[in-house]
Structures are given as structure tokens and as C-alpha cells.
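Summary of the model geometry
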Amino acid sequence: MSTKGHLGLTAACVAVILSACVPEPADVQGEGVEHLYTIFFIVAAVVFTLVAGLITWSLVRYRAKPGDDLPKQFDRNLKLELTWFAIPLITVVVLFILSAGVLGKVNAESADPSVTVNVEGYQWGWRFTYEGSGVQIVGDADDRPEIVLPVGRPLTFTLGSADVVHSFWVPRFLIKRDMVPGRQNTISLTISDPGVYRGVCTEFCGLLHAKMNFVIRAIPPAQFEGWLDGQRTTDGDG
Ligand SMILES: [Cu+2]
């Protein structure tokens, strides 16, 4: 295979690995998380290639031959020591700054959310209450709940638990957060693409934990208003 062919194959493998690692984000905040994953992956790949390459090169280049004497010994090299101190330090500081920036965006609470949904987890189901409208959707392991939300609008989920620790996770949002009894956690995000997104409890919480699922259907804001009005007239019997 030619050098070009090798490069193409390598790029294709990296693309496949990257796409398998991170689901395509369906929310604005998740895009920052995805970029961060990609940067970490590339940095880790470069470090691995460099370290593994240098080890292999040293093993091959300096392997002992019959009749070799002990090589020249030395125990100080300030330049080398400063270099291998500085490179990891700079790498870690840069990754820390990038992570802190993304974390700040992911943790930022929306000052004026378009919709606030109070989410309560229990063994083994979900209770979703739309703040200000009285609409409530409840479902459990036998009857998976489906909630509807508008795309392109700031949303806030307040998260709590009625019994044990659960965790709220929609894989396509690339954000998850624990639901702890006696405490309220919050996630603010904006869904960017219409679609149907699967949500799960991601903290082992007992016998039917694996069946503690829900669905979010994201639709255009105008349709959402119609849906919410419909739920109100049916007294939130979703
Ligand atoms: Cu749970």
C-alpha cells in the first residue's frame, strides 16, 4: 500500500473510533462536550504514539549485541529534565483550561428558561411536572413515559428523587446528573435538533433499574405550545 493509502486508512480508522466514542450531540451544550472529547482523544493519541514510538525506537536502536560493554552512564541533564517537566505541565494546563470553559457552559443555569420541567425519579419510574402549567407525565418500568419539549429554546430540568439515588441521562445530550433524595440538582440546556431521544436512569437503583427509561420528543416551539394546551385540557393525563 502507498503512503497515501496508509494515511487514508489511518484517518478512516480514527474517524470510526471517534464517531463510536461520542454520540452526535442533540443540544447546544453537548457540542462543546463533543469538541472537548475530540481534543482529548487527539492529545492522548499523540502522547501514546510519541511514548510508544520512543520506547520501540530505544529497544531496537540500543539493543545489546554480543560483546557490548556497559554503555556510558550519566545522571544529570537539565535540558532534558526541564523538557519532560514542561511538556506534560503545559499539556495538562491547556486541557484543564479547555475543560473548565466547557464545564462552565454545561453548568450554567438558564436565567429565563422557556420551559422548566421538575423531574422526580422513584423506584422505578419518572414523574415529569411542567412548571406553571400543572401538566404532569408519569411513567414507570411497565409504561415508559414520553415527554415533549421545544427545540431551540432554553430548558431547565430540576432533578430530585423520592427514594434512592437515581441519575438523569439522555445520551444524545452528552450531559448527565445525579438525582439525590433531599437535594435539588439542575440541568439547563437547549435542544438543537428535532427528534426522539431515549433517556435512562444511569445510577443502579434496584431490581428494575434497567427498565427505568423515558423518551423525550423534541418538536418546533409552535407545535409544542399546541401539545401543552392539549395536555392542559386533558388535565395532564399524559
Ligand atoms: Cu434509578
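Being a predicted model, the structure only gives us computed values, none of them experimental. (Residues numbered from 1 in each chain as written. Predicted model: local features only at pLDDT ≥ 70, side-chain atom pairs only at ≥ 80, totals over all residues. Heavy atoms only, no water.)

Thoughts on the overall build of the protein chain
To keep things clear, this is the line we draw: Helix and strand assignments come from DSSP, with helices taken as H or I runs of at least 4 residues and strands as E runs of at least 2, each series counted from the N terminus. Taken over C-alpha atoms, the radius of gyration is set against a globule rule of 2.2 Å times the number of residues to the power 0.38. Relative accessibility under 20% of the residue-type maximum defines a buried residue, over 50% an exposed one, and the middle range a partly exposed one, all with a 1.4 Å probe and only protein chains included. By the convention used here, residues are in contact when the closest approach between their heavy atoms is within 4.5 Å. Where accessible areas are quoted, they stem from the Shrake-Rupley method and a 1.4 Å probe; at the residue level, only the protein chains shown are allowed to cover.
For the protein chain, the helix and strand inventory stands at 4 helices and 10 strands. Its helices and strands taken in sequence order, the protein chain reads α-α-α-β-β-β-β-β-β-β-β-β-β-α from the N to the C terminus. The C-alpha atoms of the protein chain give a radius of gyration of 25 Å, which is well past the 18 Å a tight globule of 238 residues would have. Its C-alpha atoms give the protein chain principal-axis dimensions of about 90 × 45 × 35 Å. With 238 residues in all, the protein chain has 32% of them scored as buried. Sequence-distant contacts in the protein chain: of pairs separated by 6 or more residues, those separated by 24 or more amount to 66%. Of the roughly 15,000 Å² that the protein chain leaves accessible, carbon and sulfur atoms contribute 62%.

Things to note about the environment of T186
Mapped onto the secondary structure, T186 falls in strand 8 (residues 185-190). Aside from chain neighbours lying at most four places away, what touches T186 is E109, T156, F157 and R177.

A short note on the domain arrangement of the protein chain
Going by this rule: These domain limits were set by an automatic method or by a database of domain assignments. The term buried area means the drop in 1.4 Å probe accessible area that two parts suffer when joined, counted for both and summed. The working definition used for a salt bridge is a side-chain nitrogen of Lys or Arg within 4 Å of a carboxyl oxygen of Asp or Glu.
Splitting the protein chain by domain gives domain 1 (3-61 + 76-107) and domain 2 (115-233). Its C-alpha centre places domain 1 at a distance of 34 Å from the equivalent point of domain 2. At the interface, 14 residues of domain 1 touch 13 residues of domain 2. Between domain 1 and domain 2, a total of about 1,100 Å² is buried, with carbon and sulfur atoms accounting for 54% of that surface. Between domain 1 and domain 2 we count 0 salt bridges in total.

Describing the layout of surface pockets
Here is the rule we go by: In this analysis a 1.4 Å probe is tested at points of a 1 Å grid over the protein atoms alone, and where it fits but cannot get out there is a cavity; an open set with protein on both sides within 12 Å along at least five of seven lines is a pocket; lining residues have an atom within 4 Å of a point. Grid points are joined across faces, edges and corners, and a volume is the space filled by probe spheres set on the points.
Within this model, the largest pocket holds a volume of roughly 410 Å³. The wall of the largest pocket is formed by V46, V47, L50, V51, L54, L80, T83, W84, I87, P88, T91 and V92. Sorting the residues of the lining of the largest pocket by element identifies helix 2 (28-61) and helix 3 (78-107) as the ones contributing at least two each. When residues in the lining of the largest pocket are grouped by element, the largest group, 7 residues, is from helix 3. Secondary structure elements with two or more residues in the lining of the second largest pocket: helix 2, helix 3 and strand 7 (175-179). Considering every element that reaches the lining of the second largest pocket, the biggest residue donor is helix 3, with 5 residues. Here the lining of the second largest pocket spans two domains, since at least three of its residues come from each of domain 1 (3-61 + 76-107) and domain 2 (115-233).

Re the sheet that holds strand 2 (residues 125-130)
Paired through their backbone hydrogen bonds, the strands of a sheet run either parallel or antiparallel. The line we're drawing: By this definition, two strands are paired if DSSP reports at least two bridges between them. Axis angles are defined between N-to-C directions and span 0 to 180 degrees, where every axis is a line fitted to C-alpha atoms and, for a helix, only to the segment in contact.
Sheet architecture is open: 5 strands sit in the order 3-2-1-5-8, paired in mixed fashion. Since the sheet does not close on itself, it has two edges, and those belong to strand 3 (136-140) and strand 8, each with one partner. Averaged over all pairs of adjacent strands, the angle between strand axes in this sheet comes to 20 degrees, irrespective of strand direction. Of the strand pairs in this sheet, strand 1 (residues 115-122) and strand 5 (residues 154-161) are connected by 7 bridges, and their pairing is parallel. By the bridge assignment for strand 5, V117 is matched with F157.

Structural notes on the sheet that holds strand 9 (residues 195-201)
Across the sheet, 5 strands lie side by side as 4-10-9-6-7; this open sheet has mixed pairing. Among the strands making up the open sheet, the edge pair consists of strand 4 (146-150) and strand 7. On average, adjacent strands in this sheet sit at an angle of 25 degrees to one another, irrespective of strand direction. For strand 6 (residues 166-170) and strand 9, the ladder comprises 2 bridges, and the chain directions are antiparallel. Bridge pairing links F168 to C201 in strand 9.

Overview of the coordination of the copper ion
Let me state the cut-off plainly: Donor atoms: N, O and S within 2.8 Å of the metal, or within 3.2 Å for Na, K and Ca. Because water is excluded, sites can look incomplete. When four donors show all angles between 85 and 135 degrees the site is tetrahedral, when four or six donors have opposite pairs over 155 degrees and all other angles between 65 and 115 it is square planar or octahedral respectively, and in every other case it is irregular.
Protein-derived ligands of the copper ion are H166 (ND1), C201 (SG), C205 (SG) and M212 (SD), with the metal-ligand distances lying across 2.0 to 2.6 Å. In this structure, the copper ion is coordinated by 4 donor atoms arranged in tetrahedral fashion, with angles at the metal of 91 to 125 degrees. Written as a sequence motif, the donor arrangement for the copper ion is H-x34-C-x3-C-x6-M. Here H166 is found in strand 6, whereas its partner M212 is found in the loop between strand 9 and strand 10 (213-219), with 46 residues between them in sequence. Here the two residues H166 and M212 agree in accessibility, since each one is buried.

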